[in-house]
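# Per-entry structural report
Spelled out from the first residue to the last, the chains are:
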Amino acid sequence: MRRDHVGGLELKRASARPYHEPALLIGPKAVLAMVRDGLLRVPLAIEPQAHDVDVLMTRFAGVPMSLADACLVRLVELMPDASVFTLDSDFALYRTRKNRPIQRVDS
């Protein structure tokens, strides 16, 4: 079972909580739904970004993109000069909404 960590909060455990709107949702999408509905607060200011993060996860569902990865890509969209230090090879595939590759710090 994959777990995402954002701001020290383990999001997979949060997503295991039953949530119906209109049907049972599971995984990161459920977390985003709870954030949008104000049922879950994350220390990272994700609330205003929940829609854009959801769009990224949908766009890269075939990779698949985790919630943590989507948050990092969204931060790069908000801070265009930012670079990401990661060993995750998926970041070579991810693009911003302007189809710009993610600038990575070489390891």
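Residues numbered from 1 in each chain as written. Predicted model: local features only at pLDDT ≥ 70, side-chain atom pairs only at ≥ 80, totals over all residues. Heavy atoms only, no water.

On average, residues of the protein carry a pLDDT of 76, and 69% of them reach 70 or more. Here residues 1-25 scores under 50 on pLDDT; set against residues more than four positions off or in separate chains, the count is 44 contacts. (pLDDT = per-residue confidence, 0-100. Contact = heavy atoms within 4.5 Å.)

Moving on: the packing of aromatic side chains. The tally for this structure, following the rule as stated, stands at 2 aromatic pairs. On the basis of an interplanar angle of 70° and a centroid distance of 5.3 Å, the ring pair of Phe60 and Tyr94 is categorised as edge-to-face. You can see Phe60 sitting in the loop between helix H3 (50-59) and helix H4 (67-78) and its partner Tyr94 sitting in the loop between strand S3 (84-85) and strand S4 (104-105), a full 34 residues away along the chain. Taken individually, Phe60 and Tyr94 each receive the classification buried, so the pair is uniform in this respect. On the numbers, 5.0 Å between centres and 80° between planes, the contact of Phe91 with Tyr94 is edge-to-face. (Phe/Tyr/Trp six-rings, centres within 6.5 Å; stacked < 30°, edge-to-face > 60°. Helix = DSSP H or I, 4+ residues; strand = E, 2+ residues; numbered from the N terminus. Buried < 20%, exposed > 50% of the residue type's maximum accessible area, 1.4 Å probe, protein only.)

The complete set of buried residues in H3 reads Ala50, Val53, Asp54, Leu56 and Met57. Summarising the axial view, the buried residues of H3 lie within an arc of 160°, below the 170-degree limit, and thus occupy one face. (Arc of directions from axis to C-beta.)

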